[in-house]
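# Fold and geometry: a report
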Amino acid sequence: GAVVSQHPSRVICKSGTSVKIECRSLDFQATTMFWYRQFPKKSLMLMATSNEGSKATYEQGVEKDKFLINHASLTLSTLTVTSAHPEDSSFYICSAHRASGSQETQYFGPGTRLLVL
Amino acid sequence: GNSVTQMEGPVTLSEEAFLTINCTYTATGYPSLFWYVQYPGEGLQLLLKATKADDKGSNKGFEATYRKETTSFHLEKGSVQVSDSAVYFCALSDQGGGNKLTFGTGTQLKVEL
């Protein structure tokens with residue numbers, strides 16, 4: 001199957017600093033990627049849809065100035081958590097949309113564990 | 001709006017037992033339905049999917065049938081193995097898998113010897 005990677009896999013930072021998380025589709029091009037947040041023992045919450053070459057579309061309640069998304073190429077989207085605070089600690093997961101003929105599937109990265117101290 | 005409801009876990013079974021994880025949904029239109037699996041320390045993987053009513057998705061011994069009349073997509077496996085221990089997520093998408101996915105809360109499955 002298709003491979004999506006995330007980097008870093010886990011990061012610890014101080015409150016007030018910014019953290020960048022990368023999401024790469026390794027063997028296909030993805031015009032659309034998605035960023036999710038997963039709370040402990042909870043479901044995945046869609047944060048935003050990242051579109052290559054255009055602005056991301058954020059879900060209701062997600063602060064676009066706090067969670068900056070850049071989709072500069074067909075294989076890379078980045079999520080930057082700006083001025084991170086302890087409540088931003090979470091598991092962030094990206095997915096990449098792959099369209100192959102009539103089949104459309106999302107492939108997920110392994111996730112990034114963020115801990116803000 | 002769209003929503004997915006899954007049975008709460010954890011579900012603990014002995015190896016070779018029969019598994020059912022219930023999933024029901026609410027959606028406008030005709031969504032596609034998915035089961036994703038998350039093994040410990042790994043990302044979500046697509047387990048199976050169904051794109052229209054009465055379709056049956058199957059993979060690795062798991063099956064789920066798209067039931068429009070009961071708005072359900074229950075996951076079943078006839079004989080579970082220890083290696084099936086994971087968290088299982090039911091999800092729906094309005095248009096194929098490329099558009100936004102709405103997930104259930106996930107059901108943790110533990111299979112013991």
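The coordinates are above.
These lines cover the structure that appears in this document, whether it is placed above or below. (Residues numbered from 1 in each chain as written. Chains lettered and ligands numbered in written order. Predicted model: local features only at pLDDT ≥ 70, side-chain atom pairs only at ≥ 80, totals over all residues. Heavy atoms only, no water.)

### Some details on the environment of serine 15 of chain A
All names here are of chain A. For serine 15, the position within the fold is in the loop between β2 (10-13) and β3 (19-25). Overall, the relative accessible area of 37% leaves serine 15 in the partly exposed class. Each C-alpha atom of the pair serine 15 and serine 83 lies 6.9 Å from the other, and the pair is 68 residues apart in sequence. Not counting residues within four places of it along the chain, the set of residues in contact with serine 15 comprises Ala84, His85, Pro86, Val116 and Leu117. Side-chain polar atoms of serine 15 contact the side chain of histidine 85, separated by 3.4 Å. (Helix = DSSP H or I, 4+ residues; strand = E, 2+ residues; numbered from the N terminus. Buried < 20%, exposed > 50% of the residue type's maximum accessible area, 1.4 Å probe, protein only. Contact = heavy atoms within 4.5 Å. Polar contact = N/O pair within 3.5 Å; in protein donor to acceptor, adjacent residues only side chain to side chain.)

### Section: the interface of chain A and chain B
A common measure of how large an interface is: the accessible area buried when the components associate. Between chain A and chain B, the contact holds 19 residues from the first and 18 residues from the second. Carbon and sulfur atoms make up 54% of the surface buried where chain A meets chain B, a total of about 1400 Å² over both sides. Here chain A is connected to chain B by 1 salt bridge. When the shortest N-O distance is used, the salt bridge between glutamate 59 of chain A and lysine 100 of chain B registers 3.2 Å. Where chain A packs against chain B, one counts 4 residue pairs in polar contact (both at pLDDT 80 or more). Counting residues per element, the ones that place at least two in the side of chain A that touches chain B are β4 (32-38), β5 (44-51), β9 (90-100) and β10 (103-108) of chain A. With 5 residues, the top contributor of residues to the side of chain A that touches chain B is β10 of chain A. Class assignment for the residues of the side of chain A that touches chain B results in 8 nonpolar, 8 polar and 3 charged. (Buried area = accessible area lost by both parts, 1.4 Å probe. Salt bridge = Lys/Arg side-chain N within 4 Å of Asp/Glu carboxyl O. Nonpolar A, V, L, I, M, F, W, Y, C, P; charged D, E, K, R; others polar.)

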